[in-house]
Each structure stands twice: as C-alpha cells, then as structure tokens.
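Structural description and commentary
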Amino acid sequence: SSETFWTTTGMFPQEFIIGFPKCVKISKVAIQCYLVRTLRIERSISKDPVGFEECIEKDLQHTEGQLQMEEFPLPDFQATYLRFIIKSAFDHFVSVHRVMAEGT
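Please read all numbers here as calculations on a predicted model, not as lab measurements.

Regarding the overall build of the protein chain
Across its full length, the protein chain carries zero helices and six strands. For the protein chain, the succession of helices and strands along the chain, N to C, is β-β-β-β-β-β. Its C-alpha atoms give the protein chain a radius of gyration of 13 Å, within 12% of the compact-globule value 13 Å for 104 residues. Dimensions of the protein chain along its principal axes, counting C-alpha atoms only, are 35 × 25 × 25 Å. Looking at the 104 residues of the protein chain, the share that counts as buried comes to 37%. The contacts in the protein chain between residues at least 6 apart in sequence include a share of 81% that link residues at least 24 apart.

Re the pattern of salt bridges
Evaluated as defined, the whole model comprises 10 salt bridges. Here Lys28 ties to Glu71 by a salt bridge, and the two come within 3.6 Å at their closest N and O atoms. A residue pair is termed long-range when its members are at least 10 positions apart, and Lys28 in strand β2 (residues 14-34) and Glu71 in strand β5 (residues 68-89) qualify at 43 residues. Since its relative accessible area comes to 22%, Lys28 is described here as partly exposed. The shortest N-O distance in the salt bridge between Lys28 and Glu102 comes to 3.5 Å. Here Lys28, found in strand β2, pairs with Glu102, found in strand β6 (residues 95-103); they are 74 residues apart in sequence, far enough to count as distant. Assessed through its relative accessible area of 43%, Glu102 is described here as partly exposed.

Points about the state of the cysteines
Scanning all chains against the criterion turns up zero disulfides. Its sulfur unpaired, Cys23 is 12 Å from the next cysteine sulfur, which belongs to Cys55. According to the relative accessible area criterion, Cys23 is partly exposed, its value standing at 35%. On the basis of relative accessibility, which here comes to 28%, the residue Cys55 falls in the partly exposed class.

Here we look at the side chain of Ser44
Of note, Ser44 is situated in strand β3 (residues 36-44). Judged by relative accessible area, Ser44 falls into the buried class, the value being 1%. Engagement of the side chain of Ser44 in a polar contact is seen with the backbone nitrogen of Ser46, the distance being 3.2 Å. Sequence-distant contacts of Ser44, defined by excluding residues within four places in its chain, comprise Val50, Gly51, Phe52, Ala79, Thr80 and Tyr81.

Here's the deal with the pairing of β3
Of all nine residues in β3, eight are buried; the element is thus mostly enclosed. In the sheet, β3 pairs with β5 via eight bridges, with the strands oriented antiparallel. Bridged to Glu42 within β5 is Arg83.

About the thresholds
- Residues numbered from 1 in each chain as written.
- Predicted model: local features only at pLDDT ≥ 70, side-chain atom pairs only at ≥ 80, totals over all residues.
- Heavy atoms only, no water.
- Helix = DSSP H or I, 4+ residues; strand = E, 2+ residues; numbered from the N terminus.
- Rg over C-alpha atoms; globule rule 2.2 N^0.38 Å.
- Buried < 20%, exposed > 50% of the residue type's maximum accessible area, 1.4 Å probe, protein only.
- Contact = heavy atoms within 4.5 Å.
- Salt bridge = Lys/Arg side-chain N within 4 Å of Asp/Glu carboxyl O.
- Disulfide = S-S within 2.5 Å.
- Polar contact = N/O pair within 3.5 Å; in protein donor to acceptor, adjacent residues only side chain to side chain.
- Pairing = 2+ DSSP bridges.

Below, the structure written as structure tokens:
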C-alpha cells in the first residue's frame with residue numbers, strides 16, 4: 001500500500017528481510033526510501049534466512065523533501081531471501097516506502 005511505510009528506530013545499521021516462497025530469479029530490485037545514505041543488499045539462497053552474501057552496496061543521493069528512487073540491476077541473480085541493510089542515513093530516522101523485485 002502506498003499509504004504505509006517502514007521506519008527505522010534511530011540507530012544504524014538497521015535491516016529488514018524479504019522472503020520469497022522459493023528460490024527465484026531476480027533481474028532488478030528497486031526501492032523507494034527517504035533519507036537513506038548507504039544501503040547494502042544481500043541475498044540468501046538457503047531454505048532459511050541464513051548464509052547471506054553481499055550483492056551490492058551503494059551511497060544514495062540526498063533528495064530533500066522527496067523520496068529516493070533507486071534501481072539495482074542484478075543479472076543472473078537468484079535468491080530466496082533479500083536482506084536490506086541501511087548502514088547510514090542523512091538523519092536520525094529514515095523510511096522505506098516500497099521495494100520491488102522483477103524477475104521470474
């Protein structure tokens with residue numbers, strides 16, 4: 001829902017995990033967030049959310065008063081779980097409004 005979002009509790013790093021019903025092929029991940037400075041995305045192909053490996057880490061641009069919209073192309077990429085780690089921020093609190101994964 002565009003009316004809901006997840007917000008951090010004020011200290012960093014903060015993380016959340018998204019799980020899929022089975023291992024899927026992902027070609028792109030997009031995120032809409034606010035005040036995130038450094039974001040890392042990790043993946044697990046295990047049956048349980050363990051054994052994560054880093055996929056990408058990026059410093060996002062500050063967009064005062066607007067949502068940050070970032071896309072991460074991930075060619076030949078499989079995952080059962082994605083872990084998003086917000087390593088640092090432009091403020092004490094940040095928010096994540098939408099995460100989208102494209103693939104099969």
